[in-house]
Amino acid sequence: MAIDPRVDIGHVHLKVADIERALAFYVGVLGFEEQARIGDQAAFISAGGYHHHIGLNTWESRDGTPPPPGHTGLYHTAIRYPDRKALADALRRLVDAGISLDGASDHGVSEALYLRDPDGNGVELYRDRPREDWPVNSDGSLGMGTAPLDVRALLAEAE
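The notes below deal with the structure included here. (Residues numbered from 1 in each chain as written. Predicted model: local features only at pLDDT ≥ 70, side-chain atom pairs only at ≥ 80, totals over all residues. Heavy atoms only, no water.)

A look at the pairing of strand β3 (residues 42-46)
The two faces of the sheet receive side chains in turn, since in a regular strand these alternate between them. Most of β3 is tucked away: 5 of the 5 residues are buried. Alternating residues of β3 divide into Ala-42, Phe-44 and Ser-46 and Ala-43 and Ile-45, and every residue in both groups is buried. Across 5 bridges, strand β2 (residues 33-38) lies against β3 in antiparallel orientation. In the sheet register, Ala-36 faces β3, and the bridge partner there is Phe-44. (Buried < 20%, exposed > 50% of the residue type's maximum accessible area, 1.4 Å probe, protein only. Helix = DSSP H or I, 4+ residues; strand = E, 2+ residues; numbered from the N terminus. Pairing = 2+ DSSP bridges.)

Dropping the structure here:
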């Protein structure tokens, strides 16, 4: 039996080494808004005033280091933007802050930017294409793939 299609993912909590450094990235660069805070132990941030989309905490990670390659853990947090222009603005913010990308891909169904936050957590910033534009294989299955994303063309849409 399939999961109820109304189910969605509400928020993610990230273990970080330093709350202020994490807030400088998620609030200062990406533009999330701080909603609540527990001293230097935790902060809760969101887009649009929701209680929180992302929780940042140092409960088990204060002054810690990222897990080494080859270990289990979160691959990345995916942050969906409502349209291409909003994704372009996110890219402009990254460029202005001097934050480099690990990659940029066109998946047919979406366009995505990949990077690391200050704690080494993977972050995907993406936008979905309209469902009617999703590629479909001859057998009717979804035709997702990975092709290079034209980052310069995307950035030009932010101007």
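Remarks on the nonpolar core
Tyr-26, Leu-30, Leu-56 and Leu-125 are the most contacted members of the largest nonpolar core, which totals 28 residues. The set of elements that each furnish at least two residues to this core consists of α1 (19-29), β3, β4 (54-57), β5 (77-81), α2 (84-96), β7 (110-116) and β8 (122-128). The element that contributes the greatest number of residues to this core is α1, accounting for 6 residues. In contact with Leu-125, not counting residues within four places along its chain, are Leu-30, Ile-79, Tyr-81, Leu-87, Ala-90, Leu-94, Glu-111, Ala-112, Leu-113 and Leu-115. (Core = buried A, V, L, I, M, F, W, Y, C linked by side-chain atoms within 4.5 Å. Contact = heavy atoms within 4.5 Å.)

Quick word on the environment of Ala-78
Along the chain, Ala-78 falls in strand β5. For Ala-78, a relative accessible area of 43% corresponds to the partly exposed category. Sequence separation between Ala-78 and Tyr-114 is 36 residues, and the spatial gap between their C-alpha atoms is 9.1 Å.

Describing the pattern of salt bridges
Counted under the stated rule, the structure contains 16 salt bridges. Measuring nitrogen to oxygen at the nearest pair gives 2.6 Å for the salt bridge that ties Arg-21 to Asp-119. Taken together, the positions of Arg-21 in helix α1 and Asp-119 in the loop between β7 and β8 put the pair 98 residues apart, joining distant regions of the chain. Note that Asp-106 is salt-bridged to Arg-129, the shortest N-O span being 2.8 Å. Of this pair, Asp-106 sits in strand β6 (residues 103-106) while Arg-129 sits in the loop between β8 and β9 (147-148), and the two are 23 residues apart along the sequence. (Salt bridge = Lys/Arg side-chain N within 4 Å of Asp/Glu carboxyl O.)

Here we look at α2
Over its 13 residues, α2 runs 18 Å from end to end, which matches the ideal 18 Å to within 8%, given 1.5 Å per residue. Every buried residue of α2 is accounted for by Arg-84, Leu-87, Ala-88, Ala-90, Leu-91 and Leu-94. Buried residues along α2 cover an arc of 155° about the axis, so they all sit on one side. Pointing more than 90 degrees away from the buried face of α2 are the exposed residues Lys-85 and Asp-96. (Expected span 1.5 Å × (residues − 1). Arc of directions from axis to C-beta.)

Considerations on α1
Of the residues making up α1, those classed as buried are Ile-19, Ala-22, Leu-23, Phe-25, Tyr-26 and Val-29. Looking at where α1 begins, the residue whose side-chain oxygen comes 3.0 Å from the main-chain nitrogen of Glu-20 is Asp-18. Where α1 terminates, the next one or two residues include Gly-31, which has phi positive at roughly 95°. (Polar contact = N/O pair within 3.5 Å; in protein donor to acceptor, adjacent residues only side chain to side chain.)

So, the sheet that holds β2
Across the sheet, 4 strands lie side by side as β1-β4-β3-β2; this open sheet has mixed pairing. In the strand order of this sheet, the two ends are held by β1 (12-15) and β2, each with one partner. Strand-to-strand twist across the sheet, computed as the mean angle between neighbouring axes with direction ignored, equals 20°. (Axes fitted to C-alpha atoms, helices over the stretch in contact; angles between N-to-C directions.)

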